[in-house]
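Structural overview for review
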Amino acid sequence: MVKPSPWRQGLAGLGWVLLILLAVGLLLLVDALLLIPGLLLAYGMVGLSWRWQGVIPDPVHIPGPWLSMAVGILATALPAVADGLLLQVFLGQRRRS
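Reference entry: report on the structure contained in this document. (Residues numbered from 1 in each chain as written. Predicted model: local features only at pLDDT ≥ 70, side-chain atom pairs only at ≥ 80, totals over all residues. Heavy atoms only, no water.)

As a further point, take the overall build of the chain. When its secondary structure is counted, the chain shows 2 helices and 2 strands. Start at the N end of the chain and walk to the C end: the helices and strands fall as α-β-β-α. The C-alpha atoms of the chain give a radius of gyration of 21 Å, which is well past the 13 Å a tight globule of 97 residues would have. Structurally, the chain occupies a C-alpha span of about 70 × 30 × 20 Å along its principal axes. (Helix = DSSP H or I, 4+ residues; strand = E, 2+ residues; numbered from the N terminus. Rg over C-alpha atoms; globule rule 2.2 N^0.38 Å.)

Here it is in C-alpha cells:
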C-alpha cells in the first residue's frame, strides 16, 4: 500500500477548508440579501408601521420586548428557510453524482 505524501494531504485539507469557507460565505451572502425582505415581511405580519431611516427599514414606534423578539424570529426565519433549501439542493445533487 502506497502512503500519500504529506504535501498532497496538506493540499487536500487546504482545499476542503477553502471549499467550506466558500460555502459559508455564500450562505451568509444569501442571508444578507434576504434580511430586508424578511424584516418587511415580519413588520407586515405583526402590524408594525415602518419607514426607511437608512439602509434597513425601522419601525415608526419602538415595539416592546416581546414584539421585538417576534419580529426578530420572523425576520430570521426567511433566511433560515432559504439556507435549508439551498443546502438540500446542494446535498441532493452531491448524492446523485
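So, next bit.
In this section: the packing of aromatic side chains. By the definition in use, this model includes 1 aromatic pair. Between W50 and W52, the aromatic rings sit 5.9 Å apart at their centres with planes inclined by 85 degrees, giving edge-to-face as the arrangement. Residue W50 is classed as partly exposed on the basis of its relative accessible area, which comes to 35%. (Phe/Tyr/Trp six-rings, centres within 6.5 Å; stacked < 30°, edge-to-face > 60°. Buried < 20%, exposed > 50% of the residue type's maximum accessible area, 1.4 Å probe, protein only.)

To continue, consider the environment of L91. You can see L91 is positioned in helix α2 (residues 65–96). C-alpha of L91 to C-alpha of W52: the two residues are 39 residues apart in sequence and 38 Å apart in space.

With that out of the way, let us pick up the side chain of D83. You can see D83 is positioned in helix α2. Its relative accessible area of 15% is what places D83 among the buried residues. For D83, the residues in contact, after removing those within four places along its chain, are L27, V30 and D31. (Contact = heavy atoms within 4.5 Å.)

Here we come to helix α1 (residues 6–46). With 41 residues, α1 ought to run about 60 Å at 1.5 Å a step, and its terminal C-alpha atoms sit 57 Å apart, in line with that. Of the residues making up α1, those classed as buried are G38, L39, A42 and Y43. (Expected span 1.5 Å × (residues − 1).)

Further remarks concern the environment of P57. With respect to the helices and strands, P57 occurs in strand β2 (residues 57–59). Judged by its relative accessible area of 1%, P57 falls in the buried class. Between the C-alpha atoms of P57 and P37, which are 20 residues apart in sequence, the distance is 9.7 Å. Residue contacts for P57: discarding those within four places in its chain leaves I36, L39, L40, Y43, W50, R51 and W52.

On to the nonpolar core, then. With 6 residues, the main nonpolar core is built from L39, A42, Y43, L48, V71 and A75. Of all the secondary-structure elements, those providing two or more residues to this core are α1 and α2. Of the residues forming this core, the biggest block, 3 residues, is contributed by α1. If near-sequence neighbours (up to four positions away) are discounted, A75 is found in contact with G38, L39 and A42. (Core = buried A, V, L, I, M, F, W, Y, C linked by side-chain atoms within 4.5 Å.)

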